[in-house]
Amino acid sequence: MTVADVSQFRAWIADTSAMLTEQAEHLTDLDRAIGDGDHGTNMARGFAACAALPDADGEGIDAYLKKVGMTLVSQVGGASGPLYGTFFLRFAAPLAGATSVGPTEVAQALRAGVDGVVARGKAEVGDKTMYDALAPAVRAFDGAASGGADLAGCLEAAAVAAAGGRDSTEPLVARKGRASYLGERSAGHLDPGATSATMLLESAARSLG
Amino acid sequence: MISLVVVSHSHALAEAAVTLAMEMAPPDGAPHVGIAAGLDERTIGTDAAAVAEAISAADEASGGEGVVVLLDLGSAVLSAEMALELVDPEVVGRVVLSPAPLVEGLVAAVVAAAAGLDAAAVAREAESGLGAKRTHLGGEEVRTEALPGQLTADEPWPHAVELPVVAEHGLHARPAARLVARVADVAPGTEVRVRNLTVGRGPVDALSLSGVATLDAQQGHVLLAEARGPLAEDALEGLVRLAEEGFGDLPGGTGDQLAVASAPVALVDEPGVAGSGLEAAVGPVVRTAAELDLPDIPVEDTGTEHRRWMEAVHSAVARLGELAATTRGRLGAGAAEVFEAHAALLRDPALTAAVERRLGTGLGALRAWQQVVEEAAARFEGLADPYQRERAQDVRSVGDRVLRILAGLEDPDDLGEGILVVDELDPALAISLDARAVRGVITLRGGATGHGVLVAAARGVPVLTGAERLQGVATGTVVAFDARSGRLEVDPPAEVLAEFERLLERRGEARRRAMVAAHDPAVTTDGVAVPVRANVTSVGTARLAAEAGAEGCGLVRTEALFGQHRQAPTVAEQARAFASIAEALAPHPVTLRTWDVGGDKPLPFIPSREEANPFLGVRGIRAFRTDRTLLVDQLEAACRAAQEHRLQVMFPMVTTREDVELGLEALDEAVRRTGTPRPAGLRVGIMVEVPAAALRVGDLARGLDFVSIGSNDLSQYVLAAERGSAAVGPWADPLEPAVLQMVRDVCQALDGSLSVSVCGSMAADPDVAGLLVGLGAAELSASPASVAAVKERLRAGSLADYRALADAALGCGSAREVRALLEARAVSALPAGGTAR
């Protein structure tokens, strides 16, 4: 499939919500090792609220995703709220007015969303944050798109790259967020934010493609 | 009153913090404090939407005066930043997110807001909320935001000294560079760190210029320097000596800004060095290479990029050394220090470390340096002191130099001929530009006191600052400007160009004539010499005045001389400044007016209260009726300087004989303090500016040596019309016959027993100068710029002519008639073919 409409974006959010609920304990464990141990419950709560957003008739993709963003901002609670919230608000902007989108549009949206995360969190690659998963994902998506892949193929490439980025966080010492207070002791653990970001993209590959 | 918002993960924490802080607020004047904390009252978390709501409500409660947001940590910061994207953009401009620690910051902010401070000031108070606790606990470092060159404070180091900051601009870039240089002179192995005890900043590595400068050390602050290592004691001893010299920045010292501004470059006879000195210019726009977009240079491996950067720094330092040497020859050591400070910035270990960190992440040398420079400049711009904020220009300037080298651009030696338009004027460019080709400089940004602007002005290059509207004007477009009036014409029509040509011609002619006769005395055609002196406010203007031909100084505005001081200058400091002014104008006399303060011109170190009618309030000598300590200190400084120099003193705003006695008693006390007799040459006088003093001048002047009429104040008191108030403009003309009558009455009452001088703006008007002499004034004191013109006009007539003119003026019915009379004379007095003023 090469294009997606608003129902597929709803499916993406529902699928992400299901996955986060299932993996909440895993995420919380990761976070307990290097943070304050609330990432799983926070993310599950936020996305559950998004999945429960009422279906508005004739709603455009961008309007829906902006609602998702604002819901995350208000419901997640930790730093992930503004970060994922910004991701969706910025992701939505380039899609204004679109009813169905293909690889080109999603590439733009994904880049805008990830740029928003960087602007908000001021993270760089190697800081042991969600950006470590998102940065390679954007590059892989763009690479696949310029090679002529369809939306499914692009998202698949992005999800695989995100997983690689997530795994690369294990040996790193955290430089951002609560985990940075641990210094060297943060090494040896996967970053929970990179893990949830990978889940979000894996879910996109399943639902949007 | 501004409002506050508290953002916290925990609702309970926020509530408790607010309760604690509100105990500090007066019950009837507490600020609005909004809370956005917790996802609900029990769930830990932050919600950007709730923060946005709280900010909007707080802004409304403040009536649009502003909001300061205090936050705990982590997502509170992200949520607050995000909230700013959700509120009305107009409101965002009034919101400050404070990096202060929550509880200490909130307490300080509540107090500051209740005191009526604005948002920026409240945020500063909040940030320094840690100071008291830190000082109490012996400097345990708890800053969350690291300063450049920041060190962690462990146990005290074995050697320590306190260094008071006495120079008026505090420890800005150049004195900071001297401190760093002094430490760098000590052999390696000895470490020195410095902290600002007064505001609780630091410690920072004393080898880090950007670290030392960001201690925000201002006049009156105390620094603590600690050292360890083999030569620790030597290092500290060097710093103590440097601190005693105000880190080389005391008035009259080598770093005096005004010394830079007034360096006598007009006298340098080297082609391309001196500008036109006309303060106006016409020509096509030219630009520097630095204004170009920097190319994207392929990034190579870290080692290569590091080498590239080191080579660029090396070559920039070498060029700065050359510039310092040339400048020392042309403009003196004070101006040359600009380049030394730039070179010190390039050796700063904190900046070096920041660049290396970025190179390590794979960034190229050019972009790494660009980012580090931008950050450092932003840090200076974030400081409280406006003078220090301008030092961001130094950072950008030296940053540009290295960038140009990294980008492979030529040094902008050949700019073409015309008007140079730059964003800000780089000091290195200001000194190295060829004044034959560059007829004038226009800056888009940057103040009139930037190093570059001062240097260019000292060279006589016409400079217009802050002309933002030239931003998009194409290179080659003809522009014309006049810095005196601030007029700027872009692509002007032929008649405007012709107008500018005439202006330049007129100024050039006036300047040539003034230069020729400036140093000749003003003698009337019947042989009466009238000394024309200058009013000065600084050592720099005294030098300018001397160059302009002033025969001494009829008025030193001492309150302006020390107007930037936050604390009263010491006796030694004042004596030094007075001596420097006297030296600049020797062998002529210099008249010091004692502190002239009051409700209309407050000084931070002399208490004054707000008054309904400040001009009728506690002004001038009236301020010392209850406590005359500061007056005696100043007179002691005058006595000490008068032992070597030709000085006289006068008291302002004298109304009654008791005021005169107060001044004389204070002088006696000052003389006693010096332990030597009153210096023989020290003449004493009063200002006559209050009608009561004018009417009783014979009584008041008993036992004195001279009187000086302050024509500005005398006019406003005789006419009961506040000067500077446009509404009473029709009544405020000093040429009103009533004012002239009073001047004549004063002169006649003294009848030659004492000399009468006039030192207000009337004396600076060449048309009026002769009239004042005709009324009986024996001396005039004008602004330095008008001295030459006043002298020239006085030479045109005889004392008999001026007396006849005075009689005619006193026979006029109004100021307008007097003005018409003067104009008629001015035209007839012109030599044939001469040029009007």
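Cut-offs applied
- Residues numbered from 1 in each chain as written.
- Chains lettered and ligands numbered in written order.
- Predicted model: local features only at pLDDT ≥ 70, side-chain atom pairs only at ≥ 80, totals over all residues.
- Heavy atoms only, no water.
- UniProt positions renumbered as here; feature names shortened; annotations may be inferred.
- Salt bridge = Lys/Arg side-chain N within 4 Å of Asp/Glu carboxyl O.
- Buried < 20%, exposed > 50% of the residue type's maximum accessible area, 1.4 Å probe, protein only.
- Helix = DSSP H or I, 4+ residues; strand = E, 2+ residues; numbered from the N terminus.
- Axes fitted to C-alpha atoms, helices over the stretch in contact; angles between N-to-C directions.
- Parallel < 35°, antiparallel > 145°, perpendicular 65-115°, else oblique.
- Contact = heavy atoms within 4.5 Å.
- Buried area = accessible area lost by both parts, 1.4 Å probe.
- Polar contact = N/O pair within 3.5 Å; in protein donor to acceptor, adjacent residues only side chain to side chain.
- Nonpolar A, V, L, I, M, F, W, Y, C, P; charged D, E, K, R; others polar.
- Pairing = 2+ DSSP bridges.
- Expected span 1.5 Å × (residues − 1).
- Phe/Tyr/Trp six-rings, centres within 6.5 Å; stacked < 30°, edge-to-face > 60°.

- With an unreviewed UniProt entry as reference, chain B is termed Phosphocarrier protein HPr, source organism Ornithinimicrobium tianjinense.
- Entered under Subcellular location (unreviewed entry) in the UniProt record, the comment concerning chain B runs "Cytoplasm".

- Within an unreviewed UniProt entry, the label attached to chain A reads Dihydroxyacetone kinase subunit L, and the organism entered is Ornithinimicrobium tianjinense.

### A word on the pattern of salt bridges
Okay, so step 1: Applying the stated criterion across every chain yields a total of 44 salt bridges over all chains.
Okay, so step 2: Asp167(A) is paired through a salt bridge with Arg166(A); the nearest N and O atoms lie 3.1 Å apart.
Okay, so step 3: Residue Asp167(A) is classed as partly exposed on the basis of its relative accessible area, which comes to 42%.
Okay, so step 4: The residue Arg487(B) makes a salt bridge to Glu499(B) at a minimum N-O spacing of 2.7 Å. Note that Arg487(B) is positioned in strand 14 (residues 487-490) and Glu499(B) in helix 20 (residues 494-517), a separation of 12 residues in sequence.
Okay, so step 5: Judged by relative accessible area, which is 36%, Glu499(B) ranks as partly exposed.
Okay, so step 6: Three or more residues are tied together by salt bridges with common partners; here these are Arg10(A), Asp55(A), Glu59(A) and Lys67(A).

### Things to note about the packing of helix 4 (residues 80-92) of chain A against helix 3 (residues 75-86) of chain B
Okay, so step 1: Two elements in contact, helix 4 of chain A and helix 3 of chain B, have axes separated by 9 Å at closest approach and are oriented at 30 degrees. In terms of orientation, helix 4 of chain A lies roughly parallel with respect to helix 3 of chain B. For the pair helix 4 of chain A and helix 3 of chain B, the contacting residues are Pro82(A), Leu83(A), Gly85(A), Thr86(A), Leu89(A) and Arg90(A) in the first and Ser75(B), Leu78(B), Ser79(B), Met82(B) and Glu85(B) in the second.

### Description of unusual backbone geometry
Okay, so step 1: Of the consecutive residues Gly202(B) and Pro203(B), the connecting peptide bond is found in the cis state with omega at 5 degrees.
Okay, so step 2: Relative to the assigned elements, Pro203(B) resides in strand 7 (residues 201-205).
Okay, so step 3: Cis geometry marks the peptide bond from Ala586(B) to Pro587(B), where omega comes out at 5 degrees.
Okay, so step 4: Along the chain, the position of Pro587(B) falls in the loop between helix 23 (571-585) and strand 17 (590-593).
Okay, so step 5: Positive phi values are uncommon outside glycine, yet Lys122(A) reaches one of about 55 degrees.
Okay, so step 6: As for its position among the elements, Lys122(A) is in the loop between helix 5 (103-121) and helix 6 (131-146).

### So, the interface of chain A and chain B
Okay, so step 1: Between chain A and chain B, the residue contacts involve 21 residues of the former and 17 residues of the latter.
Okay, so step 2: Summing both partners gives a buried area of about 1300 Å² for chain A against chain B, and 58% of it is carried by carbon and sulfur.
Okay, so step 3: It is Val73(A), Gly77(A) and Arg120(A) that lose the most area in chain A upon contact with chain B, and together they represent 36% of the buried surface on that side.
Okay, so step 4: Across the pair Lys122(A) and Glu81(B) runs a salt bridge whose closest N-O atoms are separated by 2.9 Å.
Okay, so step 5: Joining chain A to chain B, the criterion identifies five residue pairs in polar contact (both at pLDDT 80 or more).
Okay, so step 6: Broken down by secondary-structure element, the contributors of at least two residues to the side of chain A that touches chain B are helix 3 (61-75), helix 4 and helix 5 of chain A.
Okay, so step 7: A breakdown of the residues in the side of chain A that touches chain B according to their chemical character gives eight nonpolar, seven polar and six charged.

### Things to note about the sheet that holds strand 12 (residues 463-464) of chain B
Residues and elements named next belong to chain B.
Okay, so step 1: Pairing in this open sheet of six strands is mixed, and the strands run 12-11-10-9-13-14 from one edge to the other. Only two strands of the sheet have a single partner each, and these edge strands are strand 12 and strand 14.
Okay, so step 2: Here strand 11 (residues 438-443) runs beside strand 12; their pairing, made up of two bridges, is parallel. Paired with Val441 across the bridge in strand 12 is Val463.

### Examining the pairing of strand 17 of chain B
Residues and elements named next belong to chain B.
Okay, so step 1: A two-sided burial pattern is seen for strand 17, the buried positions comprising Val590 and Leu592 on one face and Thr591 and Arg593 on the other.
Okay, so step 2: Pairing of strand 16 (residues 553-557) with strand 17, which is carried by three bridges, proceeds in the parallel orientation. Looking at the pairing, Cys553 lines up with Val590 of strand 17.
Okay, so step 3: By the bridge criterion, four bridges tie strand 17 to strand 18 (residues 647-651) in an arrangement that is parallel. Bridging from a neighbouring strand, Val590 pairs with Leu647 of strand 18.

### A look at the environment of Glu559(B)
Residues and elements named next belong to chain B.
Okay, so step 1: Looking at where Glu559 falls in the secondary structure, it is placed in helix 22 (residues 558-561).
Okay, so step 2: Measuring from C-alpha to C-alpha, the distance between Glu559 and Thr594 comes to 7.9 Å, with 35 residues separating the pair along the chain.
Okay, so step 3: Polar contacts involving the side chain of Glu559 include one to the main-chain amide nitrogen of Asp596, which spans 3.2 Å.

### Observations concerning helix 3 of chain B
An α-helix turns once per 3.6 residues; consequently, residues spaced three or four apart project the same way.
Okay, so step 1: Taking 1.5 Å per residue as the helical rise, helix 3 of chain B with its 12 residues ought to reach 16 Å, and the 16 Å between its terminal C-alpha atoms agrees with that figure.
Okay, so step 2: Among the residues of helix 3 of chain B, Ser75(B), Ala76(B), Leu78(B), Ser79(B), Ala80(B), Met82(B), Ala83(B) and Leu84(B) are the ones counted as buried.

### Quick notes on the sheet that holds strand 1 (residues 3-8) of chain B
All names here are of chain B.
Okay, so step 1: Read across the open sheet, the four strands follow the order 2-1-3-4; overall the sheet is parallel. In this open sheet, the two strands that pair with only one neighbour each are strand 2 (33-37) and strand 4 (95-98). Each strand of the sheet is rotated relative to its neighbour by a mean of 20 degrees, with strand direction disregarded.
Okay, so step 2: Strand direction decides the pairing type here: strand 3 (residues 67-71) and strand 4, joined by four bridges, are parallel. By the bridge assignment, Leu70 is partnered in strand 4 with Ser98.
Okay, so step 3: Contacts from helix 1 (residues 11-22) reach strand 1 and strand 2 within the one sheet, and its direction differs from that of strand 2 by about 160 degrees.

### What to know about the packing of aromatic side chains
Aromatic ring pairs are defined here through the distance separating the ring centres and the angle between the ring planes.
Okay, so step 1: Following the criterion strictly, the structure yields 11 aromatic pairs over all chains and no others.
Okay, so step 2: Consider the rings of Trp595(B) and Phe605(B), whose centres lie 5.4 Å apart with planes at 70 degrees: the pair is edge-to-face. Here Trp595(B), found in the loop between strand 17 and helix 24 (629-642), pairs with Phe605(B), found in the loop between strand 17 and helix 24; they are 10 residues apart in sequence, far enough to count as distant.
Okay, so step 3: On the accessibility criterion, Trp595(B) (1% relative accessible area) is buried.
Okay, so step 4: Under the relative-accessibility criterion, Phe605(B) is labelled buried at 12%.
Okay, so step 5: Ring pairs connect the aromatic residues Phe9(A), Trp12(A), Phe47(A), Tyr84(A), Phe87(A), Phe88(A) and Phe91(A), which therefore count as one cluster.

### Side note on the environment of Arg120(A)
Okay, so step 1: Here Arg120(A) is to be found in helix 5.
Okay, so step 2: Taking the C-alpha atoms as reference points, Arg120(A) and Thr86(A), 34 residues apart in sequence, are found 7.5 Å from one another.
Okay, so step 3: Discounting residues that sit within four places of it in the chain, Arg120(A) has contacts with Pro82(A), Leu83(A), Thr86(A), Arg90(A), Leu78(B), Glu81(B), Met82(B) and Glu85(B).
Okay, so step 4: In terms of polar contacts, Arg120(A) uses its side chain to reach the side chain of Thr86(A), at 3.2 Å.

### Some remarks on the side chain of Ser75(B)
Okay, so step 1: Position of Ser75(B) relative to the elements: it lies in helix 3.
Okay, so step 2: Of note is the side chain of Ser75(B), whose polar atom sits 3.0 Å from the side chain of His9(B).
Okay, so step 3: With residues up to four places along the chain from it excluded, the contact list for Ser75(B) reads Gly77(A), Gly78(A), Ala79(A), Pro82(A), His9(B) and Thr46(B).

### So, the packing of helix 3 of chain A against helix 4 of chain A
Residue and element names in this part refer to chain A.
Okay, so step 1: With their axes 7 Å apart at the nearest point, helix 3 and helix 4 run at an angle of 170 degrees to one another. Classified by the angle between their axes, helix 3 and helix 4 sit roughly antiparallel to one another. Of the residues in helix 4, those touching helix 3 at Asp62, Leu65, Lys66, Val68, Gly69, Met70, Leu72 and Val73 are Gly81, Pro82, Tyr84, Gly85, Phe88, Leu89, Phe91 and Ala92.
Okay, so step 2: For the contact of helix 3 with helix 4, a count of residues per class yields 11 nonpolar, three polar and two charged.

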